[in-house]
Amino acid sequence: DFSQFDLVIVGAGFFGATIAERAAKTLGKKVLIIDRRDHIGGNAYSENDKETGIEVHRYGAHLFHTPNKLVWDYLANFTTFTSYQHRVFASHRNSVYSMPINLGTICQFFGRQFTPDEARALVASQAQELGGKEPDNLEEKAISLIGRPLYDAFIRGYTAKQWQTDPTALPASIITRLPVRYNFNNRYFSDAYEGLPTDGYTAIFDKMLEHRNIEVSLGIDYFAVKNAIPADKLVVFTGPIDRYFDYRAGELNWRTIDFEKEVLPVGDFQGTAVMNYSDEAVPYTRILEFRHFNPERQYPDDKTVIVREYSRFAGRDDEPYYPIDTSDDKKTYQAYKKLAEAETNVIFGGRLGTYRYLDMHQAIAAAIKTFETDITPRLSQS
Ligand code: FAD
Ligand code: UDP
C-alpha cells in the first residue's frame, strides 16, 4: 500500500539512500525505498567472499575519494574510513609502470632520467602534431596531454578494450579524469579526502536506511508496481531514464563489464590491488585483487580473490555501468530530459536517471542538492 508513504524512492544506491535518509531524518517523512536487486547499496554494494572472508565489491572496485568536505562529513555519520590510498600499476609489453602517468612512468618508458621541465618539454614537442588545434575528442585530448608514444602505450589499447568505440568519437572528458603529473607522486586520486569504509560499503547503507520512517523493499521492480502507485505520489527514480519512457526517444548507450571472479590458492597473486593491462592483445582491461584494499584486516595467507574485468556494450538486459555519451547519446538524453521535466511528480536522479558518469561522492552531493532544492519544498507542502 503506497498511500501510507510521503515519498517513494526507486533504487537503493547512494543517490536514493541519501534522499531517503535526509527525508526521514530531517523532515520526519515516511519513505519507501525499493530496489529490483535483492540487496541495498546499488553498484557500491560489497560482500565478504564465503570461502576467504575477503570483502569483494560485486560491481567492480569502488574507491572512495572526494574533494568535498560536505560529503566527507555527511558520510562520517555512517562510517569511518581507513587510510587506504589508491595506486594503480599498468602492465605493458611485460613491464610494469605506475599509473596515472607521472614522472616515474615517463623516465621508465623512455629509459632515462628527466627533470620535471625536461619531461614537460618532451611531451610538449610530441603534442605538436596537433598543430595547436583545440582537442575535441579523447584521442586528441590524450595526445595534447601526453604525446603519441605514451598514448599508444598506455591509453589507446586500454581505451579500445574498455569502450569499443573509436577514441576520436569519445568525449575528451573521459581522459581528463586521469591526471598527468610531472613529479613522482603516483597516487591515483588527487582529492583531499580518501579512504575505504572501515566496515565495508554495505554497512554504510545499513546505517543510512536504519530509521523507523524508512521501509526497504527488495526484489521489487518499479515497472511491475508502477500502476499501484497513486499518480500524485512524489517518486524519486534512479533507474535508467530511457527505460522509464519505454525507449520512445531511442536507446542510450552504455558499457557493461563482465566480472570473472576466481579464488586462487596463493597468499598474494599480483602484489597490488589493481593491475591494468594496457595491451590490446590481453582480452581483459584489468585484474583486481581485493585483499590489498584492506591491508589492515586479517585475511587468510594461503588464499586470495581476484577478478578479471571484460568490458563490452550493454544490451537491454545487461547492467548499464558507464554512459558512453557520444554526441548522439547527448542528443537522445536531451530528449529524455525534456520528457522528464514534464513528469511533474517524478524526480530523476543518480547515474542511471541522469545518464552521467557520477562518482560516489558526486552522487551523494547531487542527492543532497536535489533534496534541498527540489524535494524539501514539495514535501513541506504536503
Ligand atoms: P546505483 O548505485 O546504480 O543505484 C541505482 C539502483 O537502482 C540500483 O541498485 C538498481 O538496481 C536500482 N534500479 C534500477 N532500475 C530499477 C527499477 N526499475 N526498479 C527498482 N530498482 C531499480 N565511484 C567512485 O566514487 N569510485 C569508484 O572507484 C567507482 N568505481 C566504479 C566502478 C564501476 C564498475 C561502476 C559501475 C561504478 C563505479 N563508481 C565508482 C560509481 C558508483 O557506483 C556510483 O557513483 C554510484 O553507484 C551512484 O549511485 P546511484 O544511486 O546513482 O546508482
Ligand atoms: N585509461 C587508459 N589506461 C589506463 C587507465 C585509464 O587508457 O591504464 C583511460 C580509459 O579510457 C578510461 C579513462 O582513462 O576509461 C578513465 O580512467 P578511469 O580509471 O577513471 O576508468 P574508469 O574505470 O572509471 O572508466
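Note that this is a predicted model, so its numbers are computed, not measured. (Residues numbered from 1 in each chain as written. Chains lettered and ligands numbered in written order. Predicted model: local features only at pLDDT ≥ 70, side-chain atom pairs only at ≥ 80, totals over all residues.)

Enquirer: Quick one: what's the story with the site of ligand 2, residue by residue and with numbers?
Expert: Taken together, 14 residues form the shell around ligand 2, and within it Ile155, Tyr158, Thr159, Arg177 and Asn276 come nearest. For the shell around ligand 2, the elements supplying multiple residues, two or more each, are α5 (138–163) and α6 (173–176). For the shell around ligand 2, the leading source of residues is α5, giving 5 residues. Residue composition of the shell around ligand 2, grouped by class: 9 nonpolar, 4 polar and 1 charged. (Near = placed C-beta within 6 Å. Helix = DSSP H or I, 4+ residues; strand = E, 2+ residues; numbered from the N terminus. Nonpolar A, V, L, I, M, F, W, Y, C, P; charged D, E, K, R; others polar.)

Enquirer: Let's hear about the pairing of strand β6 (residues 88–92): which residues, and what values?
Expert: Across the two faces of β6 the burial differs, with Val88, Ala90 and His92 buried and Phe89 and Ser91 not buried at all. Sheet topology places β6 next to strand β7 (residues 95–99); 5 bridges connect them, and they run antiparallel. The residue bridging Ala90 from the neighbouring strand is Tyr97, located in β7. In sequence, β6 turns back onto β7 through a hairpin of 2 residues, with Arg93 there showing a positive phi of about 45 degrees. Across 4 bridges, the pairing between β6 and strand β12 (residues 274–277) is parallel. (Buried ≥ 20, exposed ≤ 12 C-beta atoms within 10 Å, placed from the backbone. Pairing = 2+ DSSP bridges.)

Enquirer: So what's going on with the packing of helix α1 (residues 14–27) against helix α12 (residues 360–381)? Which residues, and what values?
Expert: Between α1 and α12, the shortest axis-to-axis distance is 8 Å and the interhelical angle comes to 40 degrees. By the criterion of interaxial angle, the relationship of α1 to α12 is oblique. The handedness of the crossing between α1 and α12 is right-handed. Contacts between α1 and α12 involve Phe14, Phe15, Thr18, Ile19, Arg22, Ala23 and Leu27 on the former and, on the latter, Met360, Ala363, Ile364, Ala366, Ala367, Ile368, Thr370, Phe371, Ile375, Thr376 and Leu379. Of the residues contributing to the contact of α1 with α12, the split by class is 14 nonpolar, 3 polar and 1 charged. (Axes fitted to C-alpha atoms, helices over the stretch in contact; angles between N-to-C directions. Parallel < 35°, antiparallel > 145°, perpendicular 65-115°, else oblique. Left-handed = near helix turned anticlockwise from the far one by under 90°. Contact = placed C-beta atoms within 7 Å.)

Enquirer: Give me the lowdown on the site of ligand 1, citing residues and values where you can.
Expert: In the neighbourhood of ligand 1, 35 residues make up the surrounding shell, with Gly11, Gly13, Gly42, Gly239 and Gly350 lying closest. Those elements that provide at least two residues to the shell around ligand 1 are α1, β2 (31–35), α8 (222–225), α11 (350–353) and α12. Grouping the amino acids of the shell around ligand 1 by side-chain chemistry returns 18 nonpolar, 11 polar and 6 charged.

Enquirer: Run through the domain arrangement of the protein, naming residues and quoting values.
Expert: In terms of domains, the protein is made up of domain 1 (2–40 + 209–251 + 323–381) and domain 2 (88–176). Just the C-alpha atoms count here: the centres of domain 1 and domain 2 sit 38 Å apart. (Domains from an automatic or database assignment.)

Enquirer: Explain the nonpolar core to me, and be specific about the residues and the numbers.
Expert: Generally speaking, nonpolar side chains in soluble globular proteins are found buried as a group. Grouped together as the largest cluster of nonpolar side chains are 94 residues, with contacts concentrated most on Ile9, Ile19, Ala20, Val31 and Ile33. If one sorts the elements of this core by residue count, α5 sits on top with 12 residues. Split by domain, the residues of this core number at least three in each of domain 1 (2–40 + 209–251 + 323–381) and domain 2 (88–176). Setting aside residues up to four positions removed in sequence, Ala20 forms contacts with Ile9, Val31, Ile33, Leu209 and Ile214. (Core = buried A, V, L, I, M, F, W, Y, C linked by C-beta atoms within 7 Å.)

Enquirer: Pulling in residues and values, what's your account of the environment of Asp279?
Expert: Mapped onto the secondary structure, Asp279 falls in the loop between β12 and β13 (286–289). Taking the C-beta count within 10 Å as the criterion, Asp279 has 16 such neighbours and is therefore assigned partly exposed. Once the C-alpha coordinates of Asp279 and Thr376 are considered, the two residues, 97 residues apart in sequence, prove to be 50 Å apart. With sequence-adjacent residues up to four places away left out, Asp279 is seen in contact with His92, Arg93 and Gly157.

Enquirer: Describe the environment of Thr80, naming the residues involved and giving the relevant values.
Expert: Tracing the backbone shows Thr80 in the loop between α2 (69–75) and β6. C-beta crowding within 10 Å serves as the criterion here: with 10 such atoms nearby, Thr80 is assigned to the exposed category. As for Thr80 and Thr198, which are separated by 118 residues in sequence, their C-alpha atoms are 5.7 Å apart.

Enquirer: Lay out the UniProt feature "domain: UDP-galactopyranose mutase C-terminal" (unreviewed entry) in the protein with the relevant residues and their values.
Expert: Under the UniProt annotation, the feature "domain: UDP-galactopyranose mutase C-terminal" (unreviewed entry) is placed at residues 153–357. Annotated as residues 153–357, this span is 25% helix and 22% strand, and its ends, taken at the C-alpha atoms, are 25 Å apart. (UniProt positions renumbered as here; feature names shortened; annotations may be inferred.)

Enquirer: Pulling in residues and values, what's your account of unusual backbone geometry?
Expert: With an omega of -5 degrees, the peptide bond running from Met99 to Pro100 counts as cis. Structurally, Pro100 is set in the loop between β7 and α3 (103–110). For Asp246, which is not glycine, the phi dihedral falls at a positive 55 degrees. Along the chain, Asp246 turns up in the loop between α9 (241–244) and β11 (254–264). Although it is not a glycine, Asp325 adopts a positive phi angle of roughly 60 degrees. Summarising the element assignment, Asp325 is placed in the loop between β15 (322–323) and α10 (327–342).

Enquirer: Break down the sheet that holds strand β1 (residues 7–10) for me, with residues and values.
Expert: Think of a sheet as strands paired side by side through backbone hydrogen bonds, with each pair either parallel or antiparallel. With parallel pairing, the 5 strands of this open sheet are ordered in space as β9-β2-β1-β10-β16. Because the sheet does not close on itself, it has two edges, and the strands there are β9 (214–218) and β16 (346–348). Sheet twist, expressed as the mean angle between neighbouring strand axes with direction ignored, is 20 degrees. In this structure, β1 lies alongside β2, joined through 4 bridges in parallel fashion.

Enquirer: Please provide a residue-by-residue account of the pairing of β13, values included.
Expert: Here β13 shows two buried faces, one formed by Arg286 and Leu288 and the other by Ile287 and Glu289. Strand direction decides the pairing type here: β12 and β13, joined by 3 bridges, are antiparallel. Paired with Asn276 across the strands is Arg286, a residue of β13. Relative to strand β14 (residues 304–313), β13 runs antiparallel, the two sharing 4 bridges. If you follow Ile287 over to β14, its bridge partner there is Arg308.

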